[in-house]
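Residues per chain are reported as follows:
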Amino acid sequence: MAQKDNHHGGQVDFSRGDVRRGILDVAAPMLVAQVLNLLYNIVDRIYIGKIPGEGTLALAGLGLCFPLITLVTAFANLFGVGGAPLCSIARGQKDEKTAGKIMTNAYFMLVVCGLVLTVAGLVFHKPILYLFGASDETYPYAAAYLLIYLLGTVFVMTTLGLNPYINSQGFARIGMLTVLLGAATNIVLDPVLIFLCGLGVRGAAIATVVSQGLSAAWVLRFLTGPKTELRLRFRGFRPDWACIRRITALGTSSFVMSFTDSLVQVACNATLRTFGGDLYISVMTVINSVRQIAQTPVMALTDGASPVISYNYGARQVPRVRKAVRFMTQLGFGYTLVIWGLISLFPAGFIRIFNQDPDLLAAAVPSLHIYFFGFVMMAFQFSGQSVFKSLNKAKMAIFFSLLRKAVIVVPLTLLLPRVAGLGVNGVFLAEPISNCIGGLACYLTMRRTVMPELSAMETQPAHNGT
């Protein structure tokens, strides 16, 4: 009977039924949503890479925009991923008023940051792109894409930042539809605007902005409508700075993860430009795209487990928390092992999705092998990180984000190419080294700190109201 009770009205109940089923019920629509979200950017790259005569250069130009696009995602995560676990914990404690307040304050900050980023990006785009490794050949492509993309920043922030609040209420299918709407629009508009209208890179940017706008409208319509449990209410709204500080404290780990991603991309592009030229920036754009495809399912799994872990932690259901952590880790490890095998066996197949250029293919295959070596260790990083975030252990989550990217990857990216004549291979080698050291350190620390706390929680009586 409990199995049946897991669902009502499209909403997943985190408090009953099988934990694994609960995680998969949330993770499956999230996986579809994240794959679709990935298609937003990936489809742009696939079409741009195939523009006759200029695909490889245009791909490099798009690669130069990644750090700024990642930065927009970082700010969306700061208030989206930051507030959603707090929302889930409040709901586990049956405190709907606090949960609603968290969401409204988060959206206020999403809009403010979106407007600031738009203005700053439009004013300073040129020096930023040259700093990120643009050449006179690639700058026109990068600027053409970025200037249009920036106009949709508030849409992106609304979609990415509010969707976690839909998922944290158990409405994972609605969350999936948010992204489906945008991705489907983008997939249809891309070839029309890029090739039929002859707009090239600008066409890809226009398609993205229109699609994100539709997704944002959908999210706002749901969260202000009758079906949601927590409603966005702005009547008499005044920012609650203490609440915003709590959201920011927890969201900082996701922000740091995305921000350091941005930092890594800048370091890689600038170093590759020195040691390999524009061709290797195109190679890195393709490899980054393959990595995003490869890691999306494991990210969906850990994101799907997060509300289940948060809710049951708030409700002091320790065995359910343990079961969720174990299931998430085992499934993540199995998946990353399989995908690493596939990429190692068929590297050219993955690269050809984006570009058929023989020079690019020759350079990308060996680079891909180096970059993905030991990819399985990423499962431990994601798993440990997800537990820290779900249980509101912000400092731990931030520390391990910084350790892997800022402390290990960025210095190695800058140093290794200069060691023993490694050149461009040194840039690609930084990733597997950081996966190994950072992933294990994060997971083992989580086991040593969180598990004893859960055991202690089982022996303590519950406080009133929790």
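Look a little higher up for the structure.
This one's a predicted model, so the numbers in the text were calculated from it and none came from an experiment. (Residues numbered from 1 in each chain as written. Predicted model: local features only at pLDDT ≥ 70, side-chain atom pairs only at ≥ 80, totals over all residues. Heavy atoms only, no water.)

S.K.: Let's hear about the nonpolar core: which residues, and what values?
M.R.: Across soluble globular proteins, you tend to see nonpolar side chains buried next to one another. Among the nonpolar cores identified, the biggest contains 103 residues, and Tyr145, Leu162 and Phe428 are the most heavily contacted of them. At 19 residues, the largest contribution of residues to this core is made by helix α3 (residues 55-92). The next biggest cluster of nonpolar side chains, apart from the first, holds 30 residues, and it includes Leu301, Val308, Val321 and Ala324. (Core = buried A, V, L, I, M, F, W, Y, C linked by side-chain atoms within 4.5 Å. Buried < 20%, exposed > 50% of the residue type's maximum accessible area, 1.4 Å probe, protein only. Helix = DSSP H or I, 4+ residues; strand = E, 2+ residues; numbered from the N terminus.)

S.K.: Just give me the short version of a nonpolar patch on the surface, but keep the residues and values in it.
M.R.: On the surface, a nonpolar cluster with roughly 270 Å² of combined accessible area is contributed by Leu181, Ile206, Val210 and Leu214. For the nonpolar patch, the element with the highest residue contribution is helix α8 (residues 200-223), accounting for three residues. Summarising the element assignment, Ile206 is placed in helix α8. We classify Ile206 as partly exposed; its relative accessible area is 31%. (Patch = residues over 30% accessible without salt bridge, like charges linked within 9 Å, V, L, I, M, F, W, Y side chains within 5 Å. Areas by Shrake-Rupley, 256 points an atom, 1.4 Å probe, with all protein chains shown as cover. Salt bridge = Lys/Arg side-chain N within 4 Å of Asp/Glu carboxyl O.)

S.K.: For the pattern of salt bridges, give the residues involved together with the corresponding values.
M.R.: Any two side chains of opposite charge can pair if their charged atoms end up close together. All chains considered together, the criterion is met by seven salt bridges. Linking Arg91 and Glu229 is a salt bridge whose minimum nitrogen-to-oxygen distance equals 3.3 Å. Taken together, the positions of Arg91 in helix α3 and Glu229 in the loop between α8 and α9 (241-275) put the pair 138 residues apart, joining distant regions of the chain. In this structure Arg91 comes out as buried when scored by relative accessible area, which is 10%. For Glu229, a relative accessible area of 39% translates into the label partly exposed. Taking the shortest distance from any N to any O, the salt bridge between Arg404 and Glu431 comes out at 3.7 Å. Here the residue Arg404 occupies a position in helix α15 (residues 394-415), and Glu431 occupies one in helix α16 (residues 424-459), the gap between them amounting to 27 residues. Taking relative accessible area as the criterion, Glu431 reaches 8% and is therefore assigned buried.

S.K.: For the packing of aromatic side chains, give the residues involved together with the corresponding values.
M.R.: Aromatic rings in a pair are described by how distant their centres are and how their planes are angled relative to each other. Here the structure, examined in full by the defined rule, presents 17 aromatic pairs. A centroid spacing of 5.5 Å and a plane angle of 55 degrees characterise the contact between Phe108 and Phe237, whose relative ring orientation is tilted. A residue pair is termed long-range when its members are at least 10 positions apart, and Phe108 in helix α4 (residues 96-131) and Phe237 in the loop between α8 and α9 qualify at 129 residues. Using a relative accessible area of 23% as the deciding quantity, one classes Phe237 as partly exposed. Through successive ring pairs, a cluster of aromatic residues spans Tyr107, Phe108, Phe234, Phe237 and Trp241. (Phe/Tyr/Trp six-rings, centres within 6.5 Å; stacked < 30°, edge-to-face > 60°.)

S.K.: Requested: an account of the packing of helix α2 (residues 19-48) against α8, with residues and values cited.
M.R.: Think of two packed helices as two axes; the pair is described by the angle between the axes and how far apart they sit. Following both chains from N to C, one finds α2 and α8 inclined at 160 degrees, their axes separated by 10 Å at the closest point. When the interaxial angle is binned, α2 and α8 end up roughly antiparallel. Remark: the crossing between α2 and α8 carries right-handed chirality. Here Tyr40, Asp44 and Ile48 of α2 lie close against α8, whose contacting residues are Val201, Ala204, Thr208, Ser211, Gln212 and Ser215. Taken together, the residues of the contact of α2 with α8 break down into four nonpolar, four polar and one charged. (Axes fitted to C-alpha atoms, helices over the stretch in contact; angles between N-to-C directions. Parallel < 35°, antiparallel > 145°, perpendicular 65-115°, else oblique. Left-handed = near helix turned anticlockwise from the far one by under 90°. Contact = heavy atoms within 4.5 Å. Nonpolar A, V, L, I, M, F, W, Y, C, P; charged D, E, K, R; others polar.)

S.K.: Tell me about the side chain of Gln385, and please be specific about residues and values.
M.R.: Among the structural elements, Gln385 can be located in helix α14 (residues 378-390). Gln385 sits in the buried class, given a relative accessible area of 1%. Once residues within four sequence positions are removed from consideration, Gln385 is found in contact with Ser253, Met257, Ala397, Phe400, Ser401 and Cys442.

S.K.: Describe the environment of Asn105, naming the residues involved and giving the relevant values.
M.R.: Take Asn105: it is sitting in helix α4. Ignoring anything within four residues of it in the chain, the contact list for Asn105 reads Phe237, Arg238, Pro239, Asp240, Cys243, Ile244 and Ile247.

S.K.: Lay out the state of the cysteines with the relevant residues and their values.
M.R.: Under the counting rule described, the total for this entry stands at zero disulfides. Considering cysteine sulfurs only, Cys268 is the nearest to Cys65, which forms no disulfide, with 16 Å between them. Given the relative accessible area of 0%, Cys65 is considered buried. Free of any disulfide, Cys243 has its nearest cysteine sulfur in Cys87, 8.9 Å distant. Given a relative accessible area of 5%, Cys243 falls into the buried group. (Disulfide = S-S within 2.5 Å.)

S.K.: Kindly report on unusual backbone geometry, identifying the contributing residues and their values.
M.R.: A positive phi angle, close to 60 degrees, is found at Lys94, a residue other than glycine. Assignment of secondary structure puts Lys94 in the loop between α3 and α4. Looking at Lys94, the relative accessible area reads 62%, which means it is exposed. In this structure, Ala420 is a non-glycine residue whose phi angle is positive, near 50 degrees. If you trace the backbone, Ala420 turns up in the loop between α15 and α16. Its relative accessible area of 75% is what places Ala420 among the exposed residues.

S.K.: Got a sec to walk through helix α13 (residues 358-371)? Specific residues and values, please.
M.R.: Helix length check: α13 (14 residues) gives 20 Å between terminal C-alpha atoms against 20 Å at 1.5 Å per residue, within 8%. The sharpest bend along α13 measures roughly 30 degrees and falls at Ala364, with the proline Pro366 sitting one to four residues further on. Of the positions making up α13, those classed as buried are Leu360, Leu361, Ala363, Ala364, Ser367, Leu368 and Tyr371. Along its buried surface, α13 packs onto α3, α10 (278-314), α11 (318-345), α12 (347-352) and α16. You can read the cap of α13 off the contacts: a side-chain oxygen lies 2.9 Å from the backbone nitrogen of Asp359, and it is on Asp357. (Expected span 1.5 Å × (residues − 1). Bend = angle between axes of the 7 residues up to and from the residue. Polar contact = N/O pair within 3.5 Å; in protein donor to acceptor, adjacent residues only side chain to side chain.)

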